[in-house]
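# Summary of structural features
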Amino acid sequence: MRIALILASLAVTLVAQSQEIYRWVDKNGVVHYSDQPDSPSAELINVIEPNAYEAQEQGQEQAGDSGAGDSGEPEEDEPAVSPYGSLSIVSPTPDQVFFGADAVVNVAADLQGTLRPDHSVVFFLNGNRKQVDGLSTDYSGLARGTYFLRVSIMDGTGHPVITSQQTNFHVRQPSMNSPQSPTAPPKPTPPKPTPKPAPKPSAG
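Residues numbered from 1 in each chain as written. Predicted model: local features only at pLDDT ≥ 70, side-chain atom pairs only at ≥ 80, totals over all residues. Heavy atoms only, no water.

### Observations regarding the environment of Y33
What counts, and what does not: Strands here mean DSSP runs of E at least two residues long; helices mean DSSP runs of H or I at least four residues long; both are numbered from the N terminus. Each residue is placed in one exposure class: buried if its accessible area under a 1.4 Å probe, protein chains only, is under 20% of its type's maximum, exposed if it is over 50%, and partly exposed if it falls in between.
As for its position among the elements, Y33 is in strand β2 (residues 31-34). On the accessibility criterion, Y33 (26% relative accessible area) is partly exposed.

Quick look at the structure:
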């Protein structure tokens, strides 16, 4: 057993040092390994050399990772941090209904943070942009239908810094079955006609 272990370790050492390894079995049945054919019955064993390129490439990757950490420079561009806490639309409320073609829809946004001088406010109504001063504006003359609204804060190059979630509202035309607004007072009930007095009987 000890001889077999010694031979196995020798074989491993020879494999690491050379690609040409010879193997033979002596008359006692002992297997021998050597880089020289010391027996007529020795046969050449093809040994696959360890892939030094992959090991070198892996070492370069590890060195590159440590180098990036030492320099403090990120490998990829980090996303810019928004100077604003949040941006949301507060008017109109989701699924709010406006009646009539002459309805004026006031839209307003709430921004957590102070708007920077080089940033602008842009509303998008069904994809159509409208740059405004401040955080509110009005839309009028809207046809009947459903509208989708969102708002973005744009930087000086026209890229969005922060964008709100999309909301929607509806414009409907008034009809006999639909009041002008959900809070319109009910129509007054006409007074009942006063009954006429019965005629007096004539004297006979």
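Text resumes after the structure shown.
### As for the side chain of T167
Note the following rule: Between two residues, a contact is recorded if the distance between any of their heavy atoms is within 4.5 Å.
Considering the arrangement of structural elements, one finds T167 in strand β12 (residues 167-172). The exposure class assigned to T167 is buried, which follows from its relative accessible area of 9%. If near-sequence neighbours (up to four positions away) are discounted, T167 is found in contact with I89, P92, T93, P94, Y147, F148 and L149.

### Things to note about the nonpolar core
To be explicit about the condition: In these notes, a set of buried Ala, Val, Leu, Ile, Met, Phe, Trp, Tyr and Cys residues joined through side-chain atoms within 4.5 Å is what counts as a nonpolar core.
Counting 22 residues, the largest nonpolar core has F123, L142 and F169 as the members making the most contacts within it. Elements that contribute at least two residues to this core include exactly β4 (86-91), β6 (104-112), β7 (120-125), β10 (145-154) and β12. Setting aside residues up to four positions removed in sequence, F169 forms contacts with P92, D95, Q96, F98, V105, L125, L142, G145, T146 and Y147.

### As for the sheet that holds β6
Applicable threshold: At least two bridges found by DSSP between two strands are what make those strands a pair. Axis definition: a line fitted to C-alpha atoms, limited for helices to the stretch in contact. Angles are taken between N-to-C directions and run from 0 to 180 degrees.
The strand order across the open sheet built from three strands is β4-β6-β9, with neighbouring strands paired in antiparallel fashion. Edge positions in the sheet fall to β4 and β9 (136-140), since each of these pairs with one other strand and no more. When the angles between neighbouring strand axes are averaged without regard to direction, this sheet yields 25 degrees. For β6 and β9, the ladder comprises five bridges, and the chain directions are antiparallel. Along β9, the bridge assignment pairs V105 with Y139.

### A look at the pattern of salt bridges
Spelled out, the test is: Salt bridge criterion: a side-chain nitrogen from Lys or Arg within 4 Å of a carboxyl oxygen from Asp or Glu.
All chains considered together, the criterion is met by one salt bridge. Between D118 and R116 there is a salt bridge; the shortest N-O distance is 3.5 Å.

### Some remarks on the environment of L44
On the secondary structure map, L44 appears in strand β3 (residues 43-46). On a C-alpha basis, the gap between L44 and R23 in space is 6.5 Å, while along the polypeptide they are 21 residues apart.

### Considering the packing of aromatic side chains
For clarity, the cut-off: Whether two aromatic rings pair depends on their centres lying within 6.5 Å, for rings of Phe, Tyr and Trp, where Trp uses its six-membered ring; planes under 30 degrees apart make the pair stacked, over 60 edge-to-face, and the rest tilted.
This structure, assessed with the given rule, holds two aromatic pairs. Ring plane angle 85 degrees and centroid distance 5.7 Å describe the contact between F98 and F169, whose orientation is recorded as edge-to-face. Taken together, the residues F98 in strand β5 (residues 96-99) and F169 in strand β12 connect sequence positions 71 residues apart. Residue classification places F169 among the buried residues on the basis of a relative accessible area of 0%. One aromatic cluster is present, built from ring pairs that chain together F98, Y147 and F169.

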